[in-house]
Amino acid sequence: MLINPNFKIEDLGENQLFFINKNKGTGYYVDNINLSKLRKLEEQGIFLQPLRNIDYYLEENMDVPIAKLSWVNNIYPNFNLSSNTVFSLLISMFLIFLSVLVMTVIKFPLPEIKNLKEEGIGYIYIIAMFYTGVYLIHENFHIIAAKLQGIEIKKIGFKFKYYVFPIAFVKIMPTGKDRVRANIALAGNVADLLLLLIYYCICLMSKNIYFYYILFFQFGLAFWNYNILLPTDFHLFLISYFKKRNFRSKALNYTKNFFFHPSLEKFTNVTKTNIIYLLYGIATTFFLIYIYCSIFWMVYTYIFKGG
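Note that the structure is predicted; figures quoted are calculated from it, not measured.

**Some details on empty space enclosed by the protein**
Working step 1: Applying the stated criterion to the full structure yields one cavity of 30 Å³ or more.
Working step 2: Around the largest cavity, the lining residues are K8, I20, G150, I151, E152, M173 and P174.
Working step 3: Broken down by class, the residue content of the lining of the largest cavity amounts to four nonpolar, one polar and two charged.

Structure (structure tokens):
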């Protein structure tokens, strides 16, 4: 048996390893084993079946292409800083940006919309500026936070989230280290505050209505990224920081089984964790229903009632 060269192993301690497939951009936890024990088993010709299932072990005649990573890895070097150092840096930036933003809003309120100029090339300009900010600052903060901690970038791109919302994204190699993953997610929230501050200041100086709209969209994005009911940056930060990485899936599955597969045991053996799962699942369900109904109503109003 051969070891797949596309794999990287993180030793998480407490007899837990995390296997990263750089070709697929996926990660796998394997419990009850450490790296030295794994190597001893391999020397004895013992190859664990769970590792065969994820293609960590290959037959000698198998040909596996070497993983292709994003070109951004050639631009940003790896620094391998500790997760505590990066966390302290991000929290400091978060507090600074938030303080400056709040003081700016209080001291320099925006003018009324009717007093703003309409100069520029219109809504194409708004969309271009908005996504330029997302790519150059928001996604770059994710990349920088990852590279500071020695994590590679798989790819960058554009997709529709929930089949509705167009977003730019960065696919970062998975890591089993909760604090590292939390820092990468938090970087996006820090970037949102910086973008709000930048757009607010530009809007004040230019008094252009198009920057007012860009600021509005950025506020919406920032508000969305702090929503804990969806797999947003802030949600990922919280579940990673508190080491509850499967919280959302467990909560939604518990809520689904509670209502669609009721039993007497579920009503009698109620725990604090199950109550939290149920509350989170119900809140998420109603929130998604509200979002999709709102979108449907806006489309209906625009098409059939002329706006």
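**What about the confidence of the model for the chain?**
Working step 1: Averaged over all residues, the pLDDT of the chain equals 88, while 93% of them reach at least 70.
Working step 2: Mean pLDDT in the chain bottoms out at helix α9 (residues 264-268), which sits at 72, and peaks at helix α3 (residues 83-107), which reaches 96.

**Concerning the sheet that holds strand β3 (residues 16-21)**
Working step 1: Strand order in the open sheet formed by three strands is β2-β3-β4, and the pairing between neighbours is antiparallel. A strand with exactly one partner marks an edge of an open sheet, and here the two such strands are β2 (7-13) and β4 (26-31). Within this sheet the neighbouring strands show an average axis-to-axis angle of 20°, counted without direction.
Working step 2: Two strands pair when backbone bridges link them, and β3 and β4 are joined in this way by six bridges, in the antiparallel orientation. Considered in β4, the bridge of N21 is made with T26.
Working step 3: Together, β2 and β3 form the strand contacts of helix α1 (residues 35-43), whose direction differs from that of β2 by roughly 130°.

**A few points about unusual backbone geometry**
Working step 1: At N80, a position not held by glycine, the phi torsion is positive, near 55°.
Working step 2: On the secondary structure map, N80 appears in the loop between β5 (57-58) and α3.

**Focus: the packing of helix α8 (residues 247-260) against helix α10 (residues 272-304)**
Working step 1: Running from N to C, α8 and α10 point in directions that differ by 85°, and their axes come no closer than 8 Å. Regarding the angle of α8 to α10, the classification is roughly perpendicular. Of the residues in α10, those touching α8 at F247, R248, K250, A251, L252, Y254, T255, F258 and F259 are N274, I276, Y277, L278, Y280, G281, I282 and T284.
Working step 2: For the contact of α8 with α10, the class distribution of residues is eleven nonpolar, four polar and two charged.

Thresholds, definitions, all that
Residues numbered from 1 in each chain as written. Predicted model: local features only at pLDDT ≥ 70, side-chain atom pairs only at ≥ 80, totals over all residues. Heavy atoms only, no water. 1 Å grid on protein atoms, 1.4 Å probe; cavity = no way out; pocket = protein on both sides within 12 Å on 5 of 7 lines; lining within 4 Å. Points joined across faces, edges and corners; volume = space filled by probe spheres on them. Nonpolar A, V, L, I, M, F, W, Y, C, P; charged D, E, K, R; others polar. pLDDT = per-residue confidence, 0-100. Helix = DSSP H or I, 4+ residues; strand = E, 2+ residues; numbered from the N terminus. Pairing = 2+ DSSP bridges. Axes fitted to C-alpha atoms, helices over the stretch in contact; angles between N-to-C directions. Contact = heavy atoms within 4.5 Å. Parallel < 35°, antiparallel > 145°, perpendicular 65-115°, else oblique.

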